[in-house]
Amino acid sequence: MNKLGILAGVAGLAVSTMLLASGARSADDAKLEQLKQQGFARVAIANEPPYTAVAADGKVSGAAPDVAREVFKRLGVKDIVASISEYGAMIPGLQAGRFDVVTAGLFMKPERCQSVAYSEPVLCDGDAFLVRKGNPKGLKSYESIAKDPSAIVGGPGGGLEEKHAFKAGVPRDRLIVVPDAQSGLKMVQDGRIDAYALPILSINDLMKKANDPNLEVVAPVEGSSISCDGAAFKKGDEALRDAFDVELAKMKKSGEFAKIIEPYGFSAEAAMSTTREKLCASAN
Ligand code: 6CS
């Protein structure tokens, strides 16, 4: 073995010794042990109620962080610390080590399943449009937007709605990236976009808070399907993901899972009636 090989071997031995001394049963448990020592898991969120929300005092809530907080507590990780990120930046941020996990309603799709290690399903929902009252351009599907050369749609950067719009034939110059829900609301109210696309529960939350009789919700978007998210872990952290899944499954069985997500409007049954395997294989 050359000198470099010997050095690598010695370094590897040092790391394993340190890990085992920290209580990790194996290198696999190292990440969980690290989070336990750290006292918190760094989660990526988007601040899009009811999936994720940050109050004026900085308190993090929303169905996804609340589930993650409870699961990590059961794993011995005291709390979560959230960073707000655009959906399109969540996976690169996870891969760069800026977050330990994405808990934001990042829906499972095959291409995302290739890039991260998802937990089993947590939050399921369909697509909706926020439009002006009377839906003057009759926008009921992504195809109807594609067909109308004057129709402009807005959605989150790197979000699934963007993918659905492009797949239906909406050209790049008629899709506006909208940074957050409040901006999307204002852009519909000001007529800068004809439809703002988000999941149904997010649009309903926005509509309720806006309390504006000149707005209307189209839900579900015709031709769209139900998507479900999971907590998204970095490839290589499958042992941590598996530990998360064990606690998530116990909470689903005990009813604790439903108690957390259903007050936000989510269906525990929807998440429990599908699997990561099915969702990662489904292309729509
Ligand atoms: O997974 C996504 O891309 C979508 N998920 C949510 C919860 N909101 C919008 C986003 O585009």
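Reading the values: the criteria
Residues numbered from 1 in each chain as written. Predicted model: local features only at pLDDT ≥ 70, side-chain atom pairs only at ≥ 80, totals over all residues. Heavy atoms only, no water. Disulfide = S-S within 2.5 Å. Helix = DSSP H or I, 4+ residues; strand = E, 2+ residues; numbered from the N terminus. Buried < 20%, exposed > 50% of the residue type's maximum accessible area, 1.4 Å probe, protein only. Phe/Tyr/Trp six-rings, centres within 6.5 Å; stacked < 30°, edge-to-face > 60°. Near = heavy atom within 4 Å. Polar contact = N/O pair within 3.5 Å; in protein donor to acceptor, adjacent residues only side chain to side chain. 1 Å grid on protein atoms, 1.4 Å probe; cavity = no way out; pocket = protein on both sides within 12 Å on 5 of 7 lines; lining within 4 Å. Sits in = over half its atoms within 2 Å of the grid points. Nonpolar A, V, L, I, M, F, W, Y, C, P; charged D, E, K, R; others polar. Points joined across faces, edges and corners; volume = space filled by probe spheres on them. Salt bridge = Lys/Arg side-chain N within 4 Å of Asp/Glu carboxyl O.

1. Thoughts on the state of the cysteines
Under the definition given, this model contains two disulfides. Covalently, Cys 113 is tied to Cys 280 through a disulfide, its sulfur atoms 2.0 Å apart. Sign of the S-S torsion, about -75° for the bond between Cys 113 and Cys 280, identifies this disulfide as left-handed. Note that Cys 113 is positioned in helix H5 (residues 110–115) and Cys 280 in helix H13 (residues 276–281), a separation of 167 residues in sequence. Assigned by exposure class, Cys 113 and Cys 280 land together as buried.

2. What about the packing of aromatic side chains?
For the structure shown, the criterion picks out five aromatic pairs. Look at Tyr 51 and Phe 107: their rings are 6.0 Å apart centre to centre, the planes differ by 80°, and that puts the pair in the edge-to-face class. With Tyr 51 in the loop between strand E1 (40–45) and strand E2 (53–54) and Phe 107 in the loop between strand E5 (101–102) and H5, this pair connects stretches of sequence that are 56 residues apart. One exposure class covers both Tyr 51 and Phe 107, and it is buried. Ring centres of Phe 72 and Phe 244 lie 5.6 Å apart, and the angle between their planes is 65°; on these two criteria the pair is classed as edge-to-face. With Phe 72 in helix H3 (residues 63–74) and Phe 244 in helix H10 (residues 238–254), this residue pair connects regions lying 172 residues apart in the sequence.

3. Some remarks on the site of the ligand
Inspection of the region around the ligand gives 14 residues, with Gly 105, Phe 107, Arg 112, Leu 160 and Glu 161 positioned closest. The separation between an oxygen atom of the ligand and a polar main-chain atom of Phe 107 is 2.9 Å. Mapping the ligand onto the cavity grids shows that it belongs to the largest cavity. For the shell around the ligand, the elements supplying multiple residues, two or more each, are helix H7 (160–168) and strand E11 (195–199). Of the residues assigned to the shell around the ligand, the class counts are nine nonpolar, two polar and three charged.

4. Brief notes about the layout of surface pockets
In this structure, the largest pocket spans a volume of roughly 200 Å³. Lining the largest pocket are ten residues, and of these Glu 143, His 164, Lys 167, Gly 223 and Ser 224 lie nearest its centre. For the lining of the largest pocket, the element with the most residues is H7, which contributes three residues. Split into classes, the residues belonging to the lining of the largest pocket amount to two nonpolar, five polar and three charged. What the second largest pocket holds in volume is close to 150 Å³. If you go around the second largest pocket, you meet 15 residues; those closest to its centre are Ala 46, Glu 48, Tyr 87, Pro 179 and Asp 180. Looking at the lining of the second largest pocket residue by residue, the classes come out as nine nonpolar, three polar and three charged.

5. A look at the pattern of salt bridges
For the structure shown, the criterion picks out 18 salt bridges. Between Asp 194 and Lys 137 there is a salt bridge; the shortest N-O distance is 3.2 Å. Of this pair, Asp 194 sits in the loop between helix H8 (181–189) and E11 while Lys 137 is found in the loop between strand E8 (127–132) and helix H6 (142–147), placing the two residues 57 residues apart along the sequence. A residue is classified by how much of its surface remains accessible, and Asp 194, at 8% relative accessible area, is buried. The shortest N-O distance in the salt bridge between Arg 241 and Asp 242 comes to 2.8 Å. Classification of Arg 241 by relative accessible area gives buried; the value is 11%. On the basis of relative accessibility, which here comes to 38%, the residue Asp 242 falls in the partly exposed class.

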